[in-house]
Amino acid sequence: MAYPFTPMVEMPHNGSLIIDDIEDKSVERRGKPAVHLLHGDDISINAGNLMYFNATALAGRDSGIDDGLRLRLLDAYCDSLRRLHFGQGLDIQWHNDHSSVPEVPVYLQMCRFKTGALARFAATAGTMLGGGDDRLCARAT
C-alpha cells in the first residue's frame, strides 16, 4: 500500500535541492549545471516550490486511503517540511555569517532537521500506511 506514496518523499527532496542550489549559489548538482543556471531563478523557485505542493496530491481524496489516515499522513508531511525549512534556515544563517560557527550538537540538530526530515517522513509514512498506530510511528523515527 505504501509504494504509490513514495513520491511524497522524492518530490519534495528534489524541490528542496533546486531551492538549496539557489540559496547556496551552487553551479552544479549531480554533475550537471544547477537548474537555476539553466532556467533562471524565477522559474526554478516556482518549480521547486511546486514540487512541495504536488506531493500532497498523492494523498488526495482519490488516493484510496480513509480520511483519518490521509489527515495523519498530510500532518506528518507538513511537519517534515517545517523541519526541512527550519534546518535550511540554520544552514543559510551559518553560510552567510562566517563569524558564527555552530557548536557540534547544534550543527547535528540542523542536519536532523534539514537532511533527516524527509527520511523521518519516509519511515513515518511507511509505518502509517502499513497500519501502524501513532505509538509505532513514533518508534519508527
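Residues numbered from 1 in each chain as written. Predicted model: local features only at pLDDT ≥ 70, side-chain atom pairs only at ≥ 80, totals over all residues. Heavy atoms only, no water.

A.B. asks: Before we move on, could you go through the overall build of the protein chain and cite the residues and values that matter?
C.D. replies: Along the protein chain, the regular secondary structure elements total 7 helices and 2 strands. Secondary structure of the protein chain in N-to-C order comes out as α-β-β-α-α-α-α-α-α. Overall, the protein chain is about 45 × 35 × 20 Å in size when its C-alpha atoms are taken along their principal axes. Sorting the 141 residues of the protein chain into buried and exposed places 33% on the buried side. (Helix = DSSP H or I, 4+ residues; strand = E, 2+ residues; numbered from the N terminus. Buried < 20%, exposed > 50% of the residue type's maximum accessible area, 1.4 Å probe, protein only.)

A.B. asks: Give me the lowdown on a nonpolar patch on the surface, citing residues and values where you can.
C.D. replies: On the surface, V104, Y107 and L108 cluster together into a nonpolar patch covering about 290 Å² of accessible area. Structurally, Y107 can be placed in helix α5 (residues 104-114). On the basis of relative accessibility, which here comes to 41%, the residue Y107 falls in the partly exposed class. (Patch = residues over 30% accessible without salt bridge, like charges linked within 9 Å, V, L, I, M, F, W, Y side chains within 5 Å. Areas by Shrake-Rupley, 256 points an atom, 1.4 Å probe, with all protein chains shown as cover. Salt bridge = Lys/Arg side-chain N within 4 Å of Asp/Glu carboxyl O.)

A.B. asks: Mind laying out helix α3 (residues 41-54), listing which residues take part and the relevant values?
C.D. replies: Helix length check: α3 (14 residues) gives 20 Å between terminal C-alpha atoms against 20 Å at 1.5 Å per residue, within 8%. On its buried face, α3 is in contact with α1 (7-23), α2 (35-39) and α4 (67-96). (Expected span 1.5 Å × (residues − 1). Contact = heavy atoms within 4.5 Å.)

A.B. asks: Tell me what's going on with the pattern of salt bridges, and back it up with residues and numbers.
C.D. replies: Taken as a whole and assessed by the stated rule, the structure comprises 9 salt bridges. Between R70 and D67 there is a salt bridge; the shortest N-O distance is 2.1 Å. Placement of the pair is R70 and D67 together in helix α4, with a separation of 3 residues, close to one helical turn. Under the relative-accessibility criterion, D67 is labelled exposed at 55%. The residue D79 makes a salt bridge to R83 at a minimum N-O spacing of 3.0 Å. A residue pair is termed a helical-turn pair when its members lie 3 or 4 positions apart in one helix, as D79 and R83 do in helix α4 at 4 residues. One connected set of salt bridges, linked through shared partners, spans D20, D21, R29, D91 and K114.

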